[in-house]
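Here is what each chain is made of, one letter per residue.
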Amino acid sequence: MRNQPSFALRSIENSGWLILALMSLAGLILRDVPTALGVATGGACALGSFRMMDVYFARIFQKNVSRPKWWHHVLYILRFFALMGVVALAIGWAGLPVVSVVIGLTIPPLAIFIHGARYALRIQGSTRA
């Protein structure tokens, strides 16, 4: 069970992949292939970065484990450079639409918002008499 994200983080990540699939399909249906690829690229990179962040913080806050080495922190910082590099390649080299890549990058915050809203509605519904 080492370095495994909590149930909430897994739920957010799974919701994010579902939102990514739906938004990519919508981009394909409503626009064209480059738009769908832009959403898919931005979303996959953002969700991958989100997953790496989960693993990093699970490792940092895990009990009864030695302190992280310096290279754990370097890997955490390198994920930002990797994300920026993939976005730059997608927009500059592959010529994907900027707006669609940015829409894909918003998928993790959207999944977090949806998860929080579902949780809040569930709590509010259980407190009513």
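Before any of the text, the structure's been laid out above.
Structure report, in brief.

Cut-offs used in this document
Residues numbered from 1 in each chain as written. Predicted model: local features only at pLDDT ≥ 70, side-chain atom pairs only at ≥ 80, totals over all residues. Heavy atoms only, no water. Core = buried A, V, L, I, M, F, W, Y, C linked by side-chain atoms within 4.5 Å. Buried < 20%, exposed > 50% of the residue type's maximum accessible area, 1.4 Å probe, protein only. Helix = DSSP H or I, 4+ residues; strand = E, 2+ residues; numbered from the N terminus. Contact = heavy atoms within 4.5 Å. Axes fitted to C-alpha atoms, helices over the stretch in contact; angles between N-to-C directions. Left-handed = near helix turned anticlockwise from the far one by under 90°. Nonpolar A, V, L, I, M, F, W, Y, C, P; charged D, E, K, R; others polar. Lys, Arg positive; Asp, Glu negative; His and termini not counted. Salt bridge = Lys/Arg side-chain N within 4 Å of Asp/Glu carboxyl O. Expected span 1.5 Å × (residues − 1). 1 Å grid on protein atoms, 1.4 Å probe; cavity = no way out; pocket = protein on both sides within 12 Å on 5 of 7 lines; lining within 4 Å. Points joined across faces, edges and corners; volume = space filled by probe spheres on them. Arc of directions from axis to C-beta.

## Overview of the nonpolar core
- The biggest cluster of nonpolar side chains holds 8 residues, and these are I12, I19, L20, V39, L47, F50, I107 and A111.
- Of all the secondary structure elements, the ones that give two or more residues to this core are α1 (7-30), α2 (33-60) and α5 (107-127).
- Non-local contacts of I19, meaning those with residues more than four positions away in its chain, are made with I107, L110, A111 and I114.

## Points about the packing of α2 against helix α4 (residues 98-105)
- The N-to-C vectors of α2 and α4 enclose an angle of 35°; their axes lie 6 Å apart at closest approach. At the point where α2 passes α4, the crossing takes the right-handed sense. Residues P34, T35, G38, V39, G42, G43 and A46 of α2 form the contact with α4, whose own contacting residues are S100, V101, I103, G104 and L105.
- Considering only residue class, the contact of α2 with α4 consists of 6 nonpolar, 6 polar and no charged.

## A look at the side chain of R79
- With respect to the helices, strands and loops of the structure, R79 is situated in helix α3 (residues 70-93).
- Within the buried core, R79 has no salt-bridge partner, and the shortest N-O distance to an opposite charge, that of D54, equals 8.5 Å.
- Sequence-distant contacts of R79, that is, excluding residues within four places in its chain, are made with S49, M52 and M53.

## Quick look at α1
- End to end, α1 covers 34 Å across 24 residues, agreeing with the expected 34 Å (1.5 Å per residue, within 8%).
- Every buried residue belonging to α1 is among S11, I12, E13, S15, G16, I19, L20, S24 and G27, and all of these are buried.

## Re the layout of surface pockets
- In this model, the largest pocket occupies a volume close to 190 Å³.
- M52, V55, Y56, H72 and L75 are the residues nearest the centre of the largest pocket, which is lined by 10 residues in total.
- Counting residues per element, the ones that place at least two in the lining of the largest pocket are α2 and α3.
- When residues of the lining of the largest pocket are assigned to their parent elements, the largest contribution, 5 residues, is made by α3.
- Within the lining of the largest pocket, the residues separate by chemical class into 6 nonpolar, 2 polar and 2 charged.

## Concerning α4
- Residues of α4 that are buried include every one of S100, V101 and G104, and no others. The buried residues of α4 occupy an angular sector of 100° when the element is viewed end-on, so they sit on one face.

Bear in mind that shape data such as this cannot, by itself, settle questions of function.
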